[in-house]
Amino acid sequence: MRSVESSSDRRSLLIRILAILALVCGLFVLRPLDAVHAAPVSPVAINVYGQGGSFTTATANKGGVSANSLNAPVDVAHDSANNLYIADTNNNRVLFYPSGSTTATRVYGQGGSFSTATANKGGISADSLNAPQGVAVDTSNNLYIADTNNSRVLFYAGTSTTATRVYGQGGDFTTAAANKGGISADSLNRPTGVVADNSNNLYIADTNNSRVLFYAGTSTTATRIYGQAGDFTTGTSNKGGISADSLNSPQGVTTEGSNLYIADTNNSRVLFYSGSSTTASRVYGQGSDFTTGTSNKGGISADSLNSPAHTAIDASSNVYIADTNNARVLFYAGTSTTATRVYGQDGDFTTATSNKGGISAQSMTQPASLGADSLGNLYVADVNNNRLLDFQNSLSVSTQLPTSVATDTHFTVAGELIDRGSGSAFSDFTGTVTVQITPGSGTAGAVLSGTTSVAAVGGVATFSDLSIDKVGNCYRLTLSTPGAASTQTHQFSVTGLATPAPCSGNTCTLHICLAVTGSTLTVNSNPTLIVNHGQTIPVINQDQFIPFSFLATVADLRGTAHGWTTAASATAINFAGGGSADLILADTFPIIATCTGGANCSSPSTLTLGSGGQNLVPGPVTLATASIEAGAGSYNIAANGTFLVPANVDANGYTGGVITMSITGNP
């Protein structure tokens, strides 16, 4: 028997349906599209220091103490040439690495030896170190080392490994007293962080005195103090209570212009100070509250911190924080105090697992320090894994332009910021990207018009109204943004409104563009010269001599000299009737290299390929090879020759032979 619904039942059902619809609509309408579709990026390191190239080991002094080993590295810094310095703390030394190398070439604290790790080797002196935890480089590429267990900071001029200035020991290189002479503007107690600003003034995180000191110029007496309410004679943790003026065992200090960031480690926060103010005006890790110092306040999230030890600022003024006890590094865009990227936790802001997923190029445990250079590298001192990880941000072309565009006609190209190790794009990227014609490519004097500088939206910077005013080949565009590796588009040509044929009669102009990826050299296309350009020539009862010439332009944009091998080959004549016959090279085949655009061709520049009377059938036949040395820029190859077509080869005539020029090299 059918039941009968009451009106109240129907109203109740309608209310439930409307509630469900409201919830569903809220899910689909209120959530932004990028929140629905954007997958979290889990950055992957591209280089590792201290583990012999392995991302899956974490051995202290792997293979023994050497120029390749590390033991609890705590800090990293780079100079103006992007060379690296690493504070190899438990080996009582600082190591210097040339840019791009993972093998040190200079050592501080061990008397020049890469195979010893002695604390205060030879006694406390201007050459010794004891558990250094901080390194910094000034604008003149001089080095500062926070010699932590000796309660001092040392200054080294240029490339010298002997200090010429000492902070914290009253000018004496042979003492290591904590707060020598009492707490003052001249004393230090286990300093761990050091940084020089753009004017070469110095900031020292005087950790065990819960303060940061400022030193003007070359003075070793501090003139400004953070964390002690202006008093140089106290070293109280959270003096006056936790506030925008207090500190508790600060470790890392970083400057951006005249502004200062302090990693207030034991308060689980990072503080920002504007100009010369000693009162913080921004706080990370405590939900905008200057009066709390809670580890993971509100739970592990994109807003929390747990004993952060260091910060780094990239060229776009974004902030990175080494959230040490959460085994992660966080990225903050601009002045935001909520992180939008996480390193070390597989893209998850709610976990804090040491070596999550196992020791790998994505994991870390207790990251202690950071460094961000001008090439887009983010260096992480992964202290408990006895290694330094190198992550790289790089632009990537997300929308390529056509391989051929017309002059003064709009085309579009777009770029995005990616983590080079994973290849994943950062959807939070909002930086400004600029585009230009790659120097040395295309036609000299060409102008790129349109909007050439745009801010990324949704992670993508789109240039929609670009145009180029000069016809030419081998063009590339370069996209760049501060603090990241630049990228280039593929090669393309710019033509007139009507694309010209490559040959006119027997003279052809061919353009060979070189594409270089790492150490691999390729040619975009296999350029060919078609004799007579497909014209049918009637067969006559005497030999015919068909002259030809062409010009090939070779562009090498890498800026260093390389050896190229230029080779020519030819196929048989193609007959209208489908037959074939001999195609004979009637005389020598000269290849003439002419340098342009700053190239440096070796002498002689005229290279003879082939010999008179050489039969080119059945083909393809390599005529000869020769080497041309070219430096930065481009060079032209001019080829001239004459083909002999034997008499009475075929009653149907022929439509031309084909010569293929190829360029190979030694990248």
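For the chain, an unreviewed UniProt entry supplies the name SMP-30/Gluconolactonase/LRE-like region domain-containing protein and the organism Dictyobacter alpinus.

(A) Seen up close, the sheet that holds strand S33 (residues 487–488). Taken together, 4 strands build an open sheet; the order of strands is S29-S27-S32-S33 and the sheet is antiparallel. In this open sheet, the two strands that pair with only one neighbour each are strand S29 (453–455) and S33. Inspection of the sheet shows strand S32 (residues 477–480) paired to S33 by 2 bridges, in the antiparallel sense. Paired with Thr 478 across the bridge in S33 is Gln 488.

(B) Inspection of the environment of Leu 417 at higher detail. Its place among the elements puts Leu 417 in strand S26 (residues 411–419). When its relative accessible area of 4% is taken as the criterion, Leu 417 is described as buried. Sequence-wise, Leu 417 and Ala 456 are 39 residues apart; in three dimensions their C-alpha atoms are separated by 9.2 Å.

(C) Just the sheet that holds strand S25 (residues 404–406), in detail. Read across the sheet, 3 strands follow the order S25-S34-S31 without closing on themselves; strand pairing throughout is mixed. Two strands close off the open sheet at either side, each with one partner strand: S25 and strand S31 (472–475). Ignoring strand direction, the axes of neighbouring strands in this sheet form an average angle of 25°. With 3 bridges connecting them, S25 and strand S34 (residues 492–495) associate as parallel partners. Residue pairing in the sheet places Val 405 in a bridge with Val 494 of S34.

(D) The arrangement of the packing of aromatic side chains in detail. The full count for this structure, using the stated rule, is 19 aromatic pairs. A ring pair is formed by Tyr 320 and Phe 331, whose centres lie 5.2 Å apart and whose planes are at 65°; its orientation type is edge-to-face. Of this pair, Tyr 320 sits in strand S19 (residues 319–323) while Phe 331 sits in strand S20 (residues 328–332), and the two are 11 residues apart along the sequence. Exposure remark for Tyr 320: the relative accessible area of 2% places this residue in the buried category. Through a chain of ring-to-ring contacts, three or more aromatic side chains come together here, namely Tyr 85, Phe 96, Tyr 108 and Tyr 156. When the ring centre of Phe 96 is taken as reference, the NZ or CZ atom of Arg 106 above it lies at 3.9 Å. Lying over the aromatic face of Phe 331, Arg 341 brings its terminal NZ or CZ to 3.7 Å of the ring centre.

(E) Main features of the UniProt feature "repeat: NHL" (unreviewed entry) in the chain. Here, the residues flagged by UniProt with the feature "repeat: NHL" (unreviewed entry) are residues 64–100, 129–159 and 188–218. Between the C-alpha atoms that bound residues 129–159 there is a distance of 17 Å. The span itself is 0% helix and 45% strand. Regarding residues 188–218, the helix share stands at 0% and the strand share at 45%, and the terminal C-alpha atoms are separated by 17 Å.

(F) Structural context of the pattern of salt bridges. By the definition in use, this model includes 11 salt bridges. Here Asp 206 ties to Arg 211 by a salt bridge, and the two come within 2.7 Å at their closest N and O atoms. A single burial state applies to Asp 206 and to Arg 211, both of which are buried. The salt bridge involving Arg 269 is made with Asp 264; its shortest N-O contact spans 2.7 Å. The burial state of Arg 269 is the same as that of Asp 264; both residues are buried.

(G) Main features of the nonpolar core. Ranked by internal contacts, the top residues of the largest apolar core, which has 44 residues, are Leu 378, Phe 463, Ile 468 and Leu 477. The two domains that each donate at least three residues to this core are domain 1 (45–392) and domain 2 (395–495). Within the second largest apolar cluster, 17 residues are counted, among which are Ala 185, Leu 188, Ile 204 and Leu 213.

(H) Main features of the side chain of Gln 51. Here Gln 51 shows up in the loop between strand S1 (47–49) and strand S2 (73–78). On the accessibility criterion, Gln 51 (0% relative accessible area) is buried. Reaching out from Gln 51, the side chain makes a polar contact with the backbone oxygen of Thr 59 at a distance of 2.8 Å. The residues touching Gln 51, leaving out its near neighbours within four places in the chain, are Thr 57, Ala 58, Thr 59, Lys 62, Asn 68, Asn 385, Asn 386 and Arg 387.

(I) Representation of the environment of Thr 430 within the structure. Assignment of secondary structure puts Thr 430 in the loop between S26 and strand S27 (432–437). Spatially, the C-alpha atom of Thr 430 lies 8.3 Å from that of Ala 461, the residues being 31 residues apart in sequence. Residue contacts for Thr 430: discarding those within four places in its chain leaves Ala 455 and Ala 456.

(J) How the structure looks around the pairing of S34. The two faces of S34 match: Phe 492 and Val 494 on one face and Ser 493 and Thr 495 on the other face are all buried. With 2 bridges connecting them, S31 and S34 associate as antiparallel partners. Note that in S34 the partner of Tyr 475 across the bridge is Phe 492.

Procedures and definitions
Residues numbered from 1 in each chain as written. Predicted model: local features only at pLDDT ≥ 70, side-chain atom pairs only at ≥ 80, totals over all residues. Heavy atoms only, no water. Pairing = 2+ DSSP bridges. Helix = DSSP H or I, 4+ residues; strand = E, 2+ residues; numbered from the N terminus. Buried < 20%, exposed > 50% of the residue type's maximum accessible area, 1.4 Å probe, protein only. Axes fitted to C-alpha atoms, helices over the stretch in contact; angles between N-to-C directions. Phe/Tyr/Trp six-rings, centres within 6.5 Å; stacked < 30°, edge-to-face > 60°. Lys NZ or Arg CZ within 6 Å of the ring centre and 35° of its normal. UniProt positions renumbered as here; feature names shortened; annotations may be inferred. Salt bridge = Lys/Arg side-chain N within 4 Å of Asp/Glu carboxyl O. Core = buried A, V, L, I, M, F, W, Y, C linked by side-chain atoms within 4.5 Å. Domains from an automatic or database assignment. Polar contact = N/O pair within 3.5 Å; in protein donor to acceptor, adjacent residues only side chain to side chain. Contact = heavy atoms within 4.5 Å.

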